[in-house]
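# Fold and contact review
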Amino acid sequence: MSEANFQPRVFSGIQPSGNLTLGNYLGALRRFVDMQNDENPALYCIVDLHAITVWQEPDALAMATRELTAAYVACGIDPERSILFNQSQVPAHSQLAWIFNCVARIGWINRMTQFKDKAGKNRENASLGLYAYPALMAADILVYHATHVPVGEDQKQHVELTRDIAAKFNHDFGLDFFPMPEPVIEGAATRVMSLRDGTKKMSKSDPSDMSRINMTDDADAIAQKIRKARTDPEALPSELKGLDDRPEARNLVNIYAALAGTQPQDVLTEYGGQQFSTFKPALADLAVEHLSPIAGRMSELMADPAEIDRILAQGADRAAEIAEPIIDRTYEITGMILKRKS
Ligand code: TYM
């Protein structure tokens, strides 16, 4: 039984938890820009409700929310063309998340590797929100009937769970109400690794600042971090196979390819046989060339917080217009009596 005719719609989100990294840029932000769409505006969200699943200082959270908004705009998200907003200001996310808490099974949530990584050994002391996090993420996507979700590799499992939740809801209520969203994981840098350990993801929460490039690092910091990045003593190979068992080398080659908009093999064709003492400065120049103008635009935008707040408010109003009929219909499907028909 089909109820909806799903138009292609893009949704993605980033947590405002400080230190946006090169991983966020290459795995997500930069790709969001290309997925903007005039007919069906893409929705890009600052997921402040997700951020508080671990403790956030209130002032720092507000600051990180504005900084992330500035980063979106500085990277090329046009707040008129796309819908840019903070999650907490569209209550339909939380409303649908509750319904999905009652659809998702505990066994499914127990398989989520991000919860295991984030909760670590101290699982009993993690917040209930951290555990329920994936149901809120499913709500973020499905409350807009979004069909395409650009993310880095680490979010694939959550988007797959979103599909499971959509399928179970549709099955339980005998309707084809929610679409099956696709994760869109593309490019040479879907998993940017730590500069200190090529087997660990580059992350904003790594205690070592040398492990990551932050979007706001200046040219000297970027050059220094790349110069000090862990590598092995061999020259770069000419073929991709030569990167097997060399995670640090592979990571730097992938970063170069993603920044240059080429393929890793093209990078090896150019640098095969060269030492890191040649490759690292070239990579640092490329990274600075990309990130410096973004950091510059971010600080210009941050100088006018009222304008950032205006962008967020306008985005939230536009997002709510799409989400409200969908949450109302979801309530109706589940048997809730609406106080008034929309
Ligand atoms: P978050 O805030 O951890 O990361 C934001 C985006 O950046 C990508 N990313 C990376 N990509 C490549 N290499 C890396 N080292 C790297 N680190 C981060 C992430 O894959 C992500 O695309 N749960 C999400 C936020 C979220 C969301 C959503 C995303 C909430 N609701 C709905 C999509 C749709 C998260 O924590 O991302």
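To start, this report covers the structure provided alongside it. (Residues numbered from 1 in each chain as written. Predicted model: local features only at pLDDT ≥ 70, side-chain atom pairs only at ≥ 80, totals over all residues. Heavy atoms only, no water.)

### Comments concerning the packing of aromatic side chains
Using the criterion set out here, one finds 14 aromatic pairs in the structure. Ring centres 6.1 Å apart and planes at 70 degrees place the aromatic pair Phe-85 and Tyr-144 in the edge-to-face group. Remark: Tyr-144 occurs in the loop between helix 7 (128–142) and strand 4 (148–150) and Phe-85 occurs in strand 3 (residues 83–86); sequence separation between them is 59 residues. Ring geometry for Tyr-256 against Tyr-271: centres 5.5 Å apart, planes inclined by 70 degrees, an arrangement best described as edge-to-face. (Phe/Tyr/Trp six-rings, centres within 6.5 Å; stacked < 30°, edge-to-face > 60°. Helix = DSSP H or I, 4+ residues; strand = E, 2+ residues; numbered from the N terminus.)

### Structural notes on the site of the ligand
Near the ligand you find 27 residues, and of these Gln-15, Tyr-133, Asp-140, Asp-154 and Val-192 are the closest. Residue Asn-24 places a side-chain N or O atom 3.1 Å away from an oxygen atom belonging to the ligand. At a separation of 2.8 Å, a nitrogen atom of the ligand approaches a polar backbone atom of Val-192. Protein burial of the ligand: of its 710 Å² of free accessible surface, 97% is covered by the chains. Breaking the shell around the ligand down by element, the ones donating at least two residues are strand 1 (11–14), helix 1 (22–34) and helix 7. Looking at side-chain class alone, the shell around the ligand contains twelve nonpolar, ten polar and five charged residues. (Near = heavy atom within 4 Å. Polar contact = N/O pair within 3.5 Å; in protein donor to acceptor, adjacent residues only side chain to side chain. Areas by Shrake-Rupley, 256 points an atom, 1.4 Å probe, with all protein chains shown as cover. Nonpolar A, V, L, I, M, F, W, Y, C, P; charged D, E, K, R; others polar.)

### Thoughts on the pairing of strand 3
Taking every second residue as pointing to the same face, both faces of strand 3 are buried, with Ile-83 and Phe-85 on one and Leu-84 and Asn-86 on the other. Taken together, the four bridges between strand 2 (residues 43–46) and strand 3 define a ladder with parallel strand orientation. Across the sheet, residue Cys-45 finds its bridge partner in strand 3, namely Phe-85. (Buried < 20%, exposed > 50% of the residue type's maximum accessible area, 1.4 Å probe, protein only. Pairing = 2+ DSSP bridges.)

### Notes on the environment of Ile-333
With respect to the helices, strands and loops of the structure, Ile-333 is situated in helix 13 (residues 305–334). Between the C-alpha atom of Ile-333 and that of Trp-55, which follows or precedes it by 278 residues, the distance is 35 Å.

### Digging into the environment of Glu-80
If you trace the backbone, Glu-80 turns up in the loop between helix 3 (58–75) and strand 3. Glu-80 sits in the exposed class, given a relative accessible area of 51%.

### What to know about helix 4 (residues 92–101)
All of the buried residues in helix 4 are Ala-92, His-93, Leu-96, Ala-97, Ile-99 and Phe-100. All buried residues of helix 4 lie within an arc of 160 degrees about the axis, which places them on one face of the element. Where the residues of helix 4 are buried, they touch strand 1, strand 2, strand 3, helix 7, helix 8 (156–173) and helix 13. (Arc of directions from axis to C-beta. Contact = heavy atoms within 4.5 Å.)

These results come straight from atomic positions and should not be treated as a statement about function.
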